[in-house]
Amino acid sequence: MSHKVGGLIASGKTKLVYSLDDPSLVLLRFKDDVTALDGKKRDVIPGKGSLNAGISARLFQLLKENNVHNHYIKMYDPSSLIVRKLDMIPVEVVCRNVATGSIVKRLPITEGTVFDSPIIEFFLKDDARGDPMINSWHMMALKLASKCEIDEIVELTLRANDVLKKFLSSRGLMLLDFKLEFGRRNGEILIGDELDPDCMRVRDASTGKVLDKDLYRKGASLDEVKKAYEELYRRIVET
Ligand code: ATP
Ligand code: TYD
């Protein structure tokens, strides 16, 4: 069944959201833009949109197969996914297996520490306030989610982590951390947004080679970033 693409509903830094003839669905189109430092650093890497769309589609499909509820329906074209339309909760949910990135700046934890159990953190999506870290009490006080919904978000995040870690490990890859976004549909909480090297840290398990957006954050050339994303695509989607 093919869908007719309607008007642009939203335009973010790296994705466009379009309406579809079925009002319960939307089209997510992945742009070739790459950004860091809250959008202050920005470039275009031709082909990046389809690499990230393909990786997201494969990983969301994997989560679906493992009963980790998410918005994914199918790919529409190489850089677009058809997903269930969600009422998005403006919170970034980060899950960490290994200490790196903002947590080692914030807390007395040594880079590379492997956590005994995963750590979950919430960040409010609020550009003007620099996306502050919040906890479940803030989420309830700000009426972002109920206690029951937060429990569901934590449960889905931990289950996604288990599934993703195992799958990536079977491909010789290590999952250090990742970010999810959630939304509601008919009272149910589902994972939405994307699942690709823009929002996760993935390393080769034996060499430690970086295969994610850290390359871009740390000033690698656009060609190096593209090659890493292509390698990750091959190892996740084509094998
Ligand atoms: P912002 O939301 O601040 O624009 P961003 O620049 O990171 O953040 P993008 O990721 O480029 O945004 O755009 C994607 C937009 O689509 C986000 O606002 C996200 O919340 C929204 N979105 C993702 N999945 C869905 C979905 N299933 N239904 C509706 N909206 C979605
Ligand atoms: P984190 O270390 O908190 O942020 P950074 O190093 O970018 O300051 O990020 C943890 C993981 O979550 C990392 O894989 C990037 C991802 N992430 C996003 O994609 N978007 C976000 O807004 C946040 C906070 C994290």
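In the block above lies the structure referred to throughout.
Residues numbered from 1 in each chain as written. Chains lettered and ligands numbered in written order. Predicted model: local features only at pLDDT ≥ 70, side-chain atom pairs only at ≥ 80, totals over all residues. Heavy atoms only, no water.

So, about the site of ligand 1. The immediate surroundings of ligand 1 are formed by 15 residues, with K13, T14, K15, H71 and R84 found nearest. L86 places a polar main-chain atom, nitrogen or oxygen, 3.0 Å from a nitrogen atom of ligand 1. Of the residues that constitute the shell around ligand 1, the class distribution is five nonpolar, three polar and seven charged. (Near = heavy atom within 4 Å. Polar contact = N/O pair within 3.5 Å; in protein donor to acceptor, adjacent residues only side chain to side chain. Nonpolar A, V, L, I, M, F, W, Y, C, P; charged D, E, K, R; others polar.)

In this structure the tally under the stated criterion is 27 salt bridges. Note that K179 and D193 form a salt bridge whose closest N and O atoms lie 3.3 Å from each other. Of this pair, K179 sits in strand 12 (residues 173-185) while D193 sits in the loop between strand 13 (188-192) and strand 14 (200-204); the two residues are 14 residues apart in sequence, bridging distant segments of the chain. For the pair shown, K179 and D193 are each scored as buried. Residue R217 pairs with D214 through a salt bridge whose shortest N-O separation is 2.7 Å. Pair noted here: R217 and D214 are both in helix 5 (residues 214-217), with a separation of three residues, about one helical turn. Connected via shared salt-bridge partners are R96, R106, E121, D177, R201, R203, D212, D214 and R217. (Salt bridge = Lys/Arg side-chain N within 4 Å of Asp/Glu carboxyl O. Helix = DSSP H or I, 4+ residues; strand = E, 2+ residues; numbered from the N terminus. Buried < 20%, exposed > 50% of the residue type's maximum accessible area, 1.4 Å probe, protein only.)

So, about the nonpolar core. In terms of nonpolar packing, the biggest core is built from 56 residues, with L59, L63, M139 and L164 touching the most fellow members. Setting aside residues no more than four positions away along its own chain, L164 makes contact with L59, L62, L63, L175, F178 and L195. Within the second largest apolar cluster, six residues are counted, among which are Y18, L20, L25 and L27. (Core = buried A, V, L, I, M, F, W, Y, C linked by side-chain atoms within 4.5 Å. Contact = heavy atoms within 4.5 Å.)

One non-glycine residue, D38, lies in positive phi territory at about 55°. Here D38 lies in the loop between strand 4 (33-36) and strand 5 (41-44). For D38, a relative accessible area of 54% puts it in the exposed group. A positive phi angle is found at K143, which is not glycine, with a value near 60°. By secondary structure assignment, the location of K143 is in the loop between helix 3 (136-141) and helix 4 (147-169). Judged by relative accessible area, which is 72%, K143 ranks as exposed.

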